[in-house]
Amino acid sequence: DSGVTQTPKHLITATGQRVTLRCSPRSGDLSVYWYQQSLDQGLQFLIQYYNGEERAKGNILERFSAQQFPDLHSELNLSSLELGDSALYFCASSASSGYRTDTQYFGPGTRLTVL
Amino acid sequence: AQKITQTQPGMFVQEKEAVTLDCTYDTSDQSYGLFWYKQPSSGEMIFLIYQGSYDEQNATEGRYSLNFQKARKSANLVISASQLGDSAMYFCAMREPRNNAGNMLTFGGGTRLMVKP
């Protein structure tokens with residue numbers, strides 16, 4: 001158990017809908033990251049928050065947004081869902097914002113299926 | 001351009017034998033970090049081992065060790081005494097500094113390891 005929690009574990013929804021994925025980092029970690037794992041794109045970095053502020057952005061679609069709250073939990077919002085958004089979404093956390101040895105610990109993931 | 005290359009999509013190893021999973025990377029930075037993660041069929045990503053570009057010794061963590069060859073830009077994972085529970089996908093990942101802004105990992109395509117009894 002990494003100490004990172006994600007809810008829900010599974011999510012099935014329809015095209016055009018909006019969903020929210022939730023993540024709680026390990027105790028003491030200030031950074032939260034979101035990754036998407038799909039069969040065709042592999043594991044891709046979406047976005048990082050550090051202590052409530054956006055720190056780095058990857059290949060995140062404009063239909064997707066995220067935030068980190070004062071209690072450090074994070075939410076990833078996916079809207080106008082398309083079939084291609086079906087994937088495993090991981091949240092990870094780490095202690096700092098960018099120190100090179102900083103290790104990211106991953107949550108169990110949320111499997112999103114868009115029908 | 002592919003930054004992390006794992007050339008072995010799938011591998012078999014006999015239980016109790018050692019196995020090496022290949023990883024090559026591409027970066028122009030001098031300071032970077034290399035990570036290996038394990039993803040069992042249940043789906044979670046489990047951190048295994050870390051190697052820093054400035055580390056003089058190869059990293060070791062229990063049965064896992066990293067064969068780091070900086071000049072060749074390779075960071076191969078060695079698993080000794082394979083166990084059935086080692087059957088999983090293994091991902092190599094790299095963290096490059098981005099002017100200290102952010103800590104994103106770039107992942108390779110993964111290697112599926114299957115341990116035979």
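Relevant structure appears above.
The numbers attached to residues start from 1 for each chain and follow its sequence in the written order. Think of it this way: whatever chain is written first is A, whatever ligand is written first is 1, and the rest follow in order. Since the coordinates come from a predicted model, pLDDT governs what is reported: local features require at least 70, and pairs of side-chain atoms require 80 or more to be given and counted, while whole-chain, interface and lining totals use all residues. Note that the side-chain values use all heavy atoms of the structure and ignore hydrogens as well as water.

## Here's the deal with the overall build of chain B
Within chain B one finds zero helices and 12 strands. Going from the N terminus to the C terminus, chain B shows its helices and strands as β-β-β-β-β-β-β-β-β-β-β-β. Put simply, the radius of gyration uses C-alpha atoms, and a globule should come to 2.2 Å times the residue count raised to 0.38. A compact globule built from 117 residues should have a C-alpha radius of gyration of about 13 Å, and chain B, at 14 Å, falls within 12% of that. Taking all 117 residues of chain B together, 50% fall into the buried category. Any two residues whose heavy atoms approach within 4.5 Å at even a single point are treated as in contact. Considering only intrachain contacts with a sequence separation of at least 6, the fraction spanning at least 24 residues in chain B is 54%. In the structure as shown, chain B presents an accessible area of about 5600 Å², 47% of it carried by carbon and sulfur atoms. The charge count includes Lys and Arg as positive and Asp and Glu as negative, but it does not include His or the ends of the chains. By convention, the point assigned to a charge is CZ for Arg, NZ for Lys, CD for Glu and CG for Asp. Separation of charge centres in chain B, based on 11 positive and 11 negative side chains, amounts to 3 Å. Only DSSP runs of H or I covering at least 4 residues are called helices, and only runs of E covering at least 2 are called strands; the numbering of each starts at the N terminus. Only protein chains enter the accessibility calculation, which uses a 1.4 Å probe. A residue is then buried if its area is under 20% of the maximum for its type, exposed if over 50%, and partly exposed in between. To measure how exposed things are, a 1.4 Å probe is used in the Shrake-Rupley method; for residues, cover is taken only from the protein chains shown.

## Topic: the interface of chain B and chain A
In this assembly, 23 residues from chain B lie in contact with 24 residues from chain A. Here chain B meets chain A over a buried area of about 1800 Å², counting both sides, of which 53% is carbon and sulfur. Accessible surface is computed with a 1.4 Å probe, and the buried area is the amount of it that two parts give up when combined, taken over both parts together. Looking at the side of chain B facing chain A, the largest losses of area belong to B:Met45, B:Asn103 and B:Phe107, adding up to 27% of the total buried there. Pairing of N or O atoms within 3.5 Å defines a polar contact, subject to two protein rules: one partner must be a possible hydrogen donor and the other a possible acceptor, and residues neighboring in sequence count only if both atoms are side-chain atoms. Run the count over chain B and chain A and you get three residue pairs in polar contact (both at pLDDT 80 or more). Among the elements that make up the side of chain B that touches chain A, the one with the highest residue count is strand S5 (residues 33-39) of chain B (four residues). Across the side of chain B that touches chain A, the residue classes tally to 11 nonpolar, nine polar and three charged. Residue polarity is assigned by list, with Asp, Glu, Lys and Arg as charged and Ala, Val, Leu, Ile, Met, Phe, Trp, Tyr, Cys and Pro as nonpolar; anything else, Gly included, falls into the polar class.

## Topic: the side chain of A:Ser38
Residue and element names in this part refer to chain A. With respect to the helices and strands, the residue Ser38 is situated in strand S4 (residues 31-38). At 3.0 Å, the side chain of Ser38 forms a polar contact with the side chain of Asp40. Residue contacts for Ser38: discarding those within four places in its chain leaves Ser86 and Ala87.

## Considerations on the pattern of salt bridges
Residues and elements named next belong to chain B. A pairing counts as a salt bridge when a side-chain nitrogen of Lys or Arg comes within 4 Å of a carboxyl oxygen of Asp or Glu. Enumeration over the complete set of coordinates arrives at six salt bridges over all chains. Note that Lys73 is salt-bridged to Asp26, the shortest N-O span being 3.9 Å. Residue Lys73 is located in the loop between strand S8 (64-69) and strand S9 (74-79), and its partner Asp26 is located in the loop between strand S4 (24-25) and S5; the two are separated by 47 residues in the primary sequence.

## Remarks on the state of the cysteines
Residues and elements named next belong to chain A. Two cysteine sulfurs form a disulfide in these notes if their separation is within 2.5 Å. For the structure on display, the rule yields two disulfides over all chains. Two residues, Cys23 and Cys91, share a disulfide whose sulfurs are 1.8 Å apart. Measuring handedness by torsion sign, the sulfur bridge of Cys23 and Cys91 sits at about -50 degrees and is left-handed. With Cys23 in strand S3 (residues 19-24) and Cys91 in strand S9 (residues 87-94), this pair connects stretches of sequence that are 68 residues apart. A relative accessible area of 0% means that Cys23 is categorised as buried. A relative accessible area of 0% places Cys91 in the buried class.

## What about the sheet that holds S3(A)?
Residues and elements named next belong to chain A. Strand pairing is assigned whenever DSSP identifies at least 2 bridges connecting the two strands. With antiparallel pairing, four strands are arranged side by side in an open sheet as S1-S3-S8-S7. If you trace the sheet from one side to the other, it starts and ends with strand S1 (5-7) and strand S7 (64-68), each paired once. Taken over all neighbouring pairs, the strand axes of this sheet differ in orientation by 15 degrees on average, direction set aside. Pairing of S3 with strand S8 (residues 74-78), which is carried by five bridges, proceeds in the antiparallel orientation. Lines fitted to the C-alpha atoms define the axes, with helices restricted to the stretch that makes contact. Angles between their N-to-C directions range from 0 to 180 degrees.

Read these as geometric descriptors, not functional statements.
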